[in-house]
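Letter by letter, the chains look like this.
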Amino acid sequence: MENPAPVRLVEHGIRHSDIDRDARRVLRRLYDFGFHAYLVGGSVRDLLLDRTPKDFDVATSARPNEVRRLFRRCRLIGRRFRLAHVLGEGGKIIETATFRAKPPSDGDALLITDDNKFGTPFSDAHRRDFTINALFFDLAANQVIDYVGGLEDLERRVLRTIGEPVVRFREDPVRMLRAVKFAARLDFDLDDALIEAVLSERGELKKAAVPRLYEEMRRLLWSGAARRSFELLDELRLLEVLLPELTGFLGRPAKDPWQPLGPLLEALDSRFEDPEKPPPDGLMFAVLMWPLFQALVAEFESPLPPADEQALAEAVLAAVARRLGVPRRTQETLLRVIAGQRRFRRAKHERQRRGLARDPDYASIVAFAEMRTEAGDLAPELADAWSEFTDEHEPPPLERKRGRGRRRRRGGKQSGQGRRRR
Ligand code: ATP
Ligand code: MG
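Only a predicted model underlies this, so the values are computations on that prediction, with no experimental measurement involved.

(A) Looking closely at the overall build of the protein. Helix and strand counts for the protein stand at 21 helices and 10 strands. Per-residue burial for the protein yields a buried fraction of 53% across its 422 residues. Sequence separation of 24 or more characterises 70% of the internal contacts of the protein that already satisfy a separation of 6 or more. Here the protein displays about 21100 Å² of accessible surface, and carbon together with sulfur accounts for 47% of that area.

Written as structure tokens, this is what we have:
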């Protein structure tokens, strides 16, 4: 397994001007003080694919405390594995981590619980998930360093785990969802051994930490390739584990089992392309719950009273929310988005619809109605009524409600950190 001679590639076509200015500044300063430092992870992959990276991560031989001493605006985070967040322009964060050792995994108990030892560039590359995510870029030497065959996989557009996929998925089952995310987003093939390993290990997902499951589901919905992601989840039979309700429903004899889920996911893809502006979580997860909810409501012979419909929506959501760790706040928005569709449809008087415009999630309710229109899930008369109504009652901008983000803004950055260091 040891591969002591990494491929060093000079003709890579990475333009320094495409690398974030703050990331370059971090690398240069680390070099100036005699440390090794590389651009790593998704940023190198995306630069080589001519895509715009989401964020720029750095791996270095400097220890967290050494990093902190080199940068004025920097804080250390992480309890188990300490790493540095160097703050750049406009609150941007350059994650700067010391090379990690490959965590020890022993026999049957592969699930990684101890991941906090420092290591070398070689070990740091090998503890990563997929070959295309383990490329290092050395800015000083202008070279890509490949310890794991990632360049070839990038060229052939295949997603392959570093090492045995069965082992890597047992260590961390969430990697199966990450595989789906990258394959869908980058339009890569999945390596055959990887597919087999997902099929045999998919049950392991039940052992994953629920907040991480939730985060990866979010990322699948907000990837620009949600439709492809969910088709892949279905093909790999991961959907059965994550959302058995949905597969039961998708499996029903019908003309097209992906109606209206597929078109709704496409609407999500075309609407939320900006990687800087995530849609509200409740709106995204409403896309998953809506077809299910619709199918259940349709099973009743006469229309349900609003309170019963609401209770049904809550009951459908409860089990999913527990399994996927959907936060309270997201559930509330989701339920209001669904209720909003019913309230609009059933409103007899303009007055009743006006109440809708005061709903705290009015923007998401409208966005969802628009996505349904796009997906052909809304009768033309209703679609017209919606657009008339929103001309009159313009929704506020869509915003993702984030408890965590707000806390960070308040306590983090300048004030708090600066004071502590002095
Ligand atoms: P994105 O463009 O979505 O940010 P990314 O590749 O940067 O994709 P991150 O989740 O930001 O993915 O993680 C950064 C890097 O950390 C990855 O490229 C990979 O090398 C490593 N990594 C992340 N999660 C895991 C994991 N579960 N197991 C092993 N390595 C991981
Ligand atoms: Mg990233």
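(B) Here's a closer look at the site of ligand 1. Neighbouring ligand 1 are 18 residues; Arg-45, Asp-172, Arg-175, Arg-185 and Arg-219 lie closest to it. The backbone of Asn-133 places a nitrogen or oxygen atom 3.0 Å from an oxygen atom of ligand 1. A distance of 2.8 Å is found between a nitrogen atom of ligand 1 and a side-chain nitrogen or oxygen belonging to Asp-172. Bound to the protein, ligand 1 loses 84% of the 590 Å² it would expose on its own. Looking at the shell around ligand 1, the elements that each hand over two or more residues are α2 (42-48), α7 (174-186) and α9 (210-221). Top element by residues in the shell around ligand 1 is α7. It accounts for five residues. For the shell around ligand 1, the residue count by class is one nonpolar, three polar and 14 charged.

(C) Spatial organisation of empty space enclosed by the protein. Tallied over the full model, the rule gives one cavity of 30 Å³ or more. For the largest cavity, the calculated volume is near 40 Å³. Around the largest cavity, the lining residues are Met-289, Phe-293, Ala-313, Val-316, Leu-317, Leu-334 and Ile-338. Residues that form the lining of the largest cavity fall into these classes: seven nonpolar, no polar and no charged.

(D) Layout of the pairing of strand β6 (residues 93-98). Bridge count for strand β3 (residues 57-60) against β6 is four bridges, and the pairing is parallel. In the sheet register, Thr-60 faces β6, and the bridge partner there is Thr-98. Of the pairings in the sheet, the one linking strand β5 (residues 83-87) to β6 comprises four bridges and is antiparallel in character. Residue Ala-84 lies in a different strand from β6, and its bridge partner there is Thr-96. Joining the antiparallel neighbours β5 and β6 is a turn of five residues, in which Gly-90 adopts a positive phi near 55 degrees.

(E) Main features of the packing of aromatic side chains. Scanning all chains against the criterion turns up 12 aromatic pairs. Between Trp-290 and Phe-293 the ring centres are 6.1 Å apart and the planes differ by 45 degrees, which places this aromatic pair in the tilted class. Of this pair, Trp-290 and Phe-293 both sit in helix α14 (residues 281-298), three residues apart, roughly one helical turn. Of the two residues, Trp-290 and Phe-293, neither departs from the other in class, the shared state being buried. Linked through ring pairs, Tyr-38, Phe-99, Phe-122, Phe-136 and Tyr-147 together constitute an aromatic cluster. The ring centre of Phe-81 lies 3.8 Å from the NZ or CZ of Arg-100, which sits over that ring. Taking the ring centre of Phe-344 as reference, the NZ or CZ of Arg-353 above it sits at 3.8 Å.

The rules we used
- Residues numbered from 1 in each chain as written.
- Chains lettered and ligands numbered in written order.
- Predicted model: local features only at pLDDT ≥ 70, side-chain atom pairs only at ≥ 80, totals over all residues.
- Heavy atoms only, no water.
- Helix = DSSP H or I, 4+ residues; strand = E, 2+ residues; numbered from the N terminus.
- Buried < 20%, exposed > 50% of the residue type's maximum accessible area, 1.4 Å probe, protein only.
- Contact = heavy atoms within 4.5 Å.
- Areas by Shrake-Rupley, 256 points an atom, 1.4 Å probe, with all protein chains shown as cover.
- Near = heavy atom within 4 Å.
- Polar contact = N/O pair within 3.5 Å; in protein donor to acceptor, adjacent residues only side chain to side chain.
- Nonpolar A, V, L, I, M, F, W, Y, C, P; charged D, E, K, R; others polar.
- 1 Å grid on protein atoms, 1.4 Å probe; cavity = no way out; pocket = protein on both sides within 12 Å on 5 of 7 lines; lining within 4 Å.
- Points joined across faces, edges and corners; volume = space filled by probe spheres on them.
- Pairing = 2+ DSSP bridges.
- Phe/Tyr/Trp six-rings, centres within 6.5 Å; stacked < 30°, edge-to-face > 60°.
- Lys NZ or Arg CZ within 6 Å of the ring centre and 35° of its normal.

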